[in-house]
Amino acid sequence: MARFVLRRLLWAIPTLLLVTFLVYVAIRIGTNPSEAYQRSNPRANAAKIKEYEELNNLRGNYINSYWGWLRGFLQGLFDGGESWQRSIKGRREVWPEMKDAMANSLRLGLAASFIGVTVGLGLGIFAALRPGGLRDTAVNTGAFVAFSIPPYVSAILAQLLFAVMWSRWFGHTLLPTSGVYPAGHQGFDLWLMVKHMILPVSIVAIQIIAVYARYMRASLLEVLNSDYMRTARAKGISERRVLMNHAVRNSMIPVVTVAAIDIGAILGGLIITERVFSYPGMGDFFLTAFDNGDFPQLMPFMVVIVTTVIMFNLLADVSYAWLDPRIRLD
Amino acid sequence: MIATEGLTLDSLSPRQMARRRYFKHKGALVSSVVMAIMVLFVLFSPLTTRYGVNEAIFKAEPGHPNSYLSPRSEAWFGTDDIGRDIYSRMIFGLKVSLIIGISAAIFATIVGVTVGSIAGLRGGRFDDLLMRVTDIFLAFPFLVALLVVRNFLGELDFLTPIVGERTSIRFIILLFVIFGWMGIARLVRGSVLALKEREFIEAARALGASNFRIVFRHLLPNSIGPILVALTNTVVGAIIGEATLSFFGFGPDAGSGDTSLGLLVSASRRAVTAGFWWMVVFPCTLLILVALCVNFIGDGLRDATDPKLVHGG
């Protein structure tokens, strides 16, 4: 097991390098950093532009400049982002802002994932136990509908309903619709923070619930129809144990794998939802940087995304091998 | 002789059985009807729309501004910020969105089926490469990948004559072809891999059938179900994708006189805080309705073409 994990981890390194290189080239060509710099700093003279280009290794061929960027990036990992290049607007340090954005996103993402996974799995099991019944149809159709609605549409509708129409009907707003705190707020306030998170978390969670409920239901149905369930019942094991130890555990195998691969979709939903609710997370960070063509901000963000995606893919493989004894590791 | 008795129900052709299963799927049936009505509205847009796409409504009473009118008889779904009829604009928008969705799906299917069947049949290096590339590509957050690829393509000047400006409809369609073909290629590859060892393929090969013939006469007809389902998924993906791009300000050009569902929904974002609910509710509902209908049709097709599927026990 350890050898398998180690080998996959070692394989992840060249993959990571290759993908970040491709992303580097795509962003270099796509955002055209020098031009973006001049757009953001219209009064910059030729010397300033030259300095920016040299600091970011924008001259020379792609392999050399990627190497130069990579060295600076890796150094930055050990000195708290000191070695990273500064943003093009206002020459701000990238790491402190990205750190805050990551913390905000992580809070949102974890809360939504936790609610989404538990409720989704629960609903899936709940539906699969009585296939074809009313609750099965309700869960299945509900998940299907929720799955079809793009997150920003539900986000806008939620904003309209809970903030605008609610205050029109009842005279007070039920839930805040933007940011982490109201404008001008100082310090830490848990209740205010939670209140600001309710809407965005629900929007992301609904998507996760829909996906998980469908996976879980399908997977559990398949297990329930398999021969070893009959064997387990024939051995006289109680129905409860048959269900928990045999059925649910086995049906989790494909669900876990699919879930780990699905991280990209969850991140995507987060980005969109954050933008609608003006929530200062990674999505907002990315879209602002992208709008400005802010090369020094974009690259660290892309590295975080690429690493997360590759790590979760690896996690999927490992968990699959770990959960299913029929899979041989070597 | 005796065996045929009482078996009349089972003597339907596979196509008839598929049709029967499709009609049994209530969601798919209702969605087909709703979708057909929407397509008719779009096809007969000169009759169904009440105003031009950029035409402002002038109310009878002078002195009253025509923008942000709530729903009334002059404008069933109200008017937008510069006084255009939202109902008419929704039909024009639906037209553009359907064109984007359907053409992206068709081209993506052509590319995906070609690449997928070559990869499945040939295997080897090409197959490995394809799987690696699509793995990574599909794992990326959609919006991030979409935006990066969009800017990348848009900056390559020598491609502009082929792909068009990045705010053109052609460019948007091409973008979703780039993203859509991969899922279909994987699917076709999988089903080719599963089918190619079967006896009937071996028999065809023994009779001297060429690879081309095997793919088009034997492999593809046998995997038509999953391909159709993937096609509907790509339609939804492109329509919602276009809306997402527009929503974040990277969509087709709004100034060219056309509109799309995405542009209508993105306009609603500015109307939320002001409380102009009709600008929000109607376009959003239409987008949800389209996505839901196409998804349900896809689900029905899945049921129809896969008899082994346990659906609802």
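On a predicted model such as this, the values are computed, not experimentally measured, just so you know.

1. So, the overall build of chain A
And then number 1: Within chain A one finds 13 helices and zero strands.
And then number 2: Its helices and strands taken in sequence order, chain A reads α-α-α-α-α-α-α-α-α-α-α-α-α from the N to the C terminus.
And then number 3: Once the C-alpha set of chain A is aligned to its principal axes, its extents read approximately 80 × 65 × 35 Å.
And then number 4: Each of the 330 residues in chain A was classed as buried or not, and the buried ones make up 47%.

2. Observations regarding the overall build of chain B
And then number 1: Helix and strand counts for chain B come out as 13 helices and zero strands.
And then number 2: Ordering the α and β elements of chain B from the N terminus gives α-α-α-α-α-α-α-α-α-α-α-α-α.
And then number 3: With respect to the three principal axes, the spread of C-alpha positions in chain B is 80 × 60 × 35 Å.
And then number 4: For chain B, the proportion of contacts with a sequence separation of at least 24, taken over those separated by at least 6, is 68%.
And then number 5: For chain B, the exposed area adds up to about 15,600 Å²; of that, 65% sits on carbon and sulfur atoms.
And then number 6: For chain B, the distance from the average position of its 29 positive side-chain charges to the average position of its 23 negative side-chain charges is 5 Å.

3. So, the nonpolar core
In a soluble, globular protein the nonpolar side chains are often hidden away together inside.
And then number 1: Counting residues in each nonpolar core, the largest one holds 158 residues, and the members touching the most others are A:Tyr152, A:Phe286, A:Phe301 and A:Met302.
And then number 2: A total of 15 residues in this core trace back to one element, the largest contributor, which is helix α13 (residues 277–305) of chain B.
And then number 3: Setting aside chain neighbours within four positions, we find A:Met302 in contact with A:Val23, A:Ile27, A:Phe286, B:Phe140, B:Val144 and B:Val148.
And then number 4: In terms of nonpolar packing, the next biggest core, distinct from the first, is built from 15 residues, B:Val113, B:Leu121, B:Ala209 and B:Val215 among them.

4. Brief notes about helix α7 (residues 151–170) of chain A
And then number 1: The terminal C-alpha atoms of α7(A) lie 26 Å apart, and with 20 residues this matches the ideal 28 Å at 1.5 Å per residue to within 8%.
And then number 2: Here the buried face of α7(A) lies against α8 (190–224) and α11 (263–276) of chain A together with α11 (224–247), α12 (261–272) and α13 of chain B.
And then number 3: With its phi angle positive at about 85°, A:Gly171 sits one or two positions after the end of α7(A).

5. Digging into the layout of surface pockets
And then number 1: Reported here for the second largest pocket is a volume of approximately 1,400 Å³.
And then number 2: What lines the second largest pocket is a set of 40 residues, and nearest its centre among them are A:Thr15, A:Val19, B:Arg132, B:Val133 and B:Ile136.
And then number 3: Breaking the lining of the second largest pocket down by element, the ones donating at least two residues are α1 (2–31), α10 (239–261) and α13 (295–323) of chain A together with α5 (124–139), α6 (142–155) and α8 (169–195) of chain B.
And then number 4: For the lining of the second largest pocket, the per-class residue count stands at 30 nonpolar, three polar and seven charged.

6. Considering unusual backbone geometry
Residue and element names in this part refer to chain A.
And then number 1: Positive phi outside glycine occurs at Asn32, with the angle close to 50°.
And then number 2: Its place among the elements puts Asn32 in the loop between α1 and α2 (33–40).
And then number 3: Owing to a relative accessible area of 23%, Asn32 belongs among the partly exposed residues under this scheme.
And then number 4: With a phi angle near 45°, Ser278 is a residue other than glycine that sits in the positive phi range.
And then number 5: In this fold, Ser278 is placed in the loop between α11 and α12 (282–292).

7. Focus on the pattern of salt bridges
And then number 1: Across all of its chains, the model carries ten salt bridges over all chains by this definition.
And then number 2: Among the salt bridges present, the one from A:Arg86 reaches A:Glu93, with a minimum N-O distance of 3.8 Å.
And then number 3: Assessed through its relative accessible area of 27%, A:Glu93 is described here as partly exposed.
And then number 4: In this structure, A:Arg275 engages A:Asp284 in a salt bridge whose closest nitrogen and oxygen atoms are separated by 3.2 Å. Per residue, the accessibility class of A:Arg275 equals that of A:Asp284, and both read buried.
And then number 5: It is possible to trace a salt-bridge network through shared partners that takes in B:Asp80, B:Arg84 and B:Arg89.

8. Some thoughts on the interface of chain B and chain A
Where interface size is given, it is often the accessible area lost as the parts come together that is meant.
And then number 1: Listed as interface residues are 40 residues of chain B and, on the opposing side, 48 residues of chain A.
And then number 2: Residue assignment for the side of chain B that touches chain A shows that the elements contributing at least two residues are α5, α6, α11, α12 and α13 of chain B.
And then number 3: Sorting elements by how many residues they give to the side of chain B that touches chain A places α13(B) first, with eleven residues.
And then number 4: Residues that form the side of chain B that touches chain A fall into these classes: 28 nonpolar, nine polar and three charged.

9. Overview of a nonpolar patch on the surface
Residues and elements named next belong to chain A.
And then number 1: Among the surface-exposed residues, Phe114, Ile115, Val119, Leu123 and Phe126 lie close enough to one another that they form a single nonpolar patch of about 420 Å² accessible area.
And then number 2: Relative to the helices and strands, Leu123 is located in helix α5 (residues 94–129).
And then number 3: For Leu123, a relative accessible area of 31% gives the class partly exposed.

Rules used in this analysis
Residues numbered from 1 in each chain as written. Chains lettered and ligands numbered in written order. Predicted model: local features only at pLDDT ≥ 70, side-chain atom pairs only at ≥ 80, totals over all residues. Heavy atoms only, no water. Helix = DSSP H or I, 4+ residues; strand = E, 2+ residues; numbered from the N terminus. Buried < 20%, exposed > 50% of the residue type's maximum accessible area, 1.4 Å probe, protein only. Contact = heavy atoms within 4.5 Å. Areas by Shrake-Rupley, 256 points an atom, 1.4 Å probe, with all protein chains shown as cover. Lys, Arg positive; Asp, Glu negative; His and termini not counted. Charge placed at Lys NZ, Arg CZ, Asp CG, Glu CD. Core = buried A, V, L, I, M, F, W, Y, C linked by side-chain atoms within 4.5 Å. Expected span 1.5 Å × (residues − 1). 1 Å grid on protein atoms, 1.4 Å probe; cavity = no way out; pocket = protein on both sides within 12 Å on 5 of 7 lines; lining within 4 Å. Points joined across faces, edges and corners; volume = space filled by probe spheres on them. Nonpolar A, V, L, I, M, F, W, Y, C, P; charged D, E, K, R; others polar. Salt bridge = Lys/Arg side-chain N within 4 Å of Asp/Glu carboxyl O. Patch = residues over 30% accessible without salt bridge, like charges linked within 9 Å, V, L, I, M, F, W, Y side chains within 5 Å.

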